[in-house]
Amino acid sequence: MRFRAKIVDLACLNHFSRIINTIAKLAKTCTLRLTVCKLYFILSDKVASGGTSMWCELNQGNFFDEFQMEGVAAEHNEIYIELMPENLSRALKTAQNAKAVKIKLTNKHCPCLRVAVELPSLSSSSRIVTHDIPVGVIPRRMWDDFREPSVPDFDVSIYLPVLKTMKSVVERMKNLSNFIVIEANLSGEMNLKIETDLVSVTTHFKDLGNPPWASEDGCQSSAQGRDLESMVEACIDIKKLQQLLAGQQVNPTKALCNIAHKRIVHFILLHEDVSLQYFIPAIA
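This report concerns the structure included in the present document. All figures in this text were calculated on a predicted structure; none of them were measured in a lab.

Right, let's talk about the state of the cysteines for a bit. Under the criterion given, the structure shown has 0 disulfides. Looking at the unpaired Cys56, the closest cysteine sulfur is the one in Cys30, lying at 9.1 Å. For Cys56, a relative accessible area of 2% puts it in the buried group. Note on Cys112: no disulfide assigned, nearest cysteine sulfur contributed by Cys110 at a separation of 3.9 Å.

This is how it looks when you write it as structure tokens:
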């Protein structure tokens, strides 16, 4: 089992760094799945028991100048490791104007992801700062626990308003309640509501648009045949929503959310070379 990669391009490095920062805000520990073409950052808290889950997918060719890996076996050419994204984020912070960053899976005393940052120096020899990030190797028999989460049959899918605007609304509401209701319909309207014994606050968004899911595979979600004006809602933990919005350092080109009535809210943030899915279960 071997893995080594190298980033030379500074723009790619900074972009990769921002993605890792975002992931570090969403998960204390997560699973990194490495394949020949892609990297996946996975958080699979069981949504059924109230945990959030995350699936972030990156094409390695858009970030790395060199990328070599050999998985556990020829027919299972993948590697799954568990790590704390905050540690990787910290290591990359030292690389803001680096000449190159090399990442390698090593096993000196314990399995580590070694991040070697080559910094520019005044003399001809370069300075190299090395970070060893402890990781846990996940055995083959447990890989099935880290499959892409299945998207629930949703009742409404809607594009999100500008995330910065949404973030400032949610931050103000967070001081008033621990829970927030997200409701939306098929006419491009979405409301963020909090209701407590003392206060009731609603922010309305209009003309957001609804994604055209129907034509793709001929089958439609349970949104089909639904009254366009009727609202579908889910009450979720406001801290989890705020975490998602506060962590956004990658400005998505598309952001949307799917709501399964009173069951789950599924966020999808798309960038040219990154997709992030985040699932927050509803609170009964």
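Phi at Asp207 takes a positive value of approximately 55°, unusual for a residue other than glycine. Among the secondary structure elements, Asp207 is positioned in the loop between β14 (200-205) and β15 (232-237). In this structure Asp207 comes out as exposed when scored by relative accessible area, which is 73%. Despite not being glycine, Lys262 has its phi angle at roughly 60°, a positive value. Exposure remark for Lys262: the relative accessible area of 55% places this residue in the exposed category.

When you tally the buried positions in strand β4 (residues 53-59), you get 6 out of 7 residues, the bulk of the element. Looking at chain direction, strand β3 (residues 38-44) and β4 are connected through 7 bridges and run antiparallel. When the bridges of β4 are listed, Phe41 appears paired with Cys56. As judged from the 6 bridges shared by β4 and strand β18 (residues 274-281), these two strands associate in the antiparallel manner. Its bridge partner being in β18, Met54 is matched across the sheet by Tyr278.

What follows concerns the packing of aromatic side chains. The final tally for this structure, using the stated rule, is 7 aromatic pairs. Between Phe64 and Phe67, the aromatic rings sit 5.4 Å apart at their centres with planes inclined by 55°, giving tilted as the arrangement. Across the pair, Phe67 and Phe64 agree in class, each one buried. Put simply, the rings of Phe3, Phe16, Phe63, Phe64 and Phe67 pair up and form one aromatic cluster.

The subject of this paragraph is the sheet that holds strand β7 (residues 100-107). Pairing is antiparallel across the open sheet formed by 5 strands, whose spatial order is β5-β1-β7-β8-β9. Each edge of the open sheet carries a strand with a single partner, namely β5 (66-70) and β9 (127-134). Strand-to-strand twist across the sheet, computed as the mean angle between neighbouring axes with direction ignored, equals 15°. In the sheet, strand β1 (residues 2-7) pairs with β7 via 4 bridges, with the strands oriented antiparallel. In the strand pairing of β7, Ala5 is matched with Ile103.

Thresholds, definitions, all that
Residues numbered from 1 in each chain as written. Predicted model: local features only at pLDDT ≥ 70, side-chain atom pairs only at ≥ 80, totals over all residues. Heavy atoms only, no water. Disulfide = S-S within 2.5 Å. Buried < 20%, exposed > 50% of the residue type's maximum accessible area, 1.4 Å probe, protein only. Helix = DSSP H or I, 4+ residues; strand = E, 2+ residues; numbered from the N terminus. Pairing = 2+ DSSP bridges. Phe/Tyr/Trp six-rings, centres within 6.5 Å; stacked < 30°, edge-to-face > 60°. Axes fitted to C-alpha atoms, helices over the stretch in contact; angles between N-to-C directions.

Take it as geometry only, folks, not as evidence of what the structure does.
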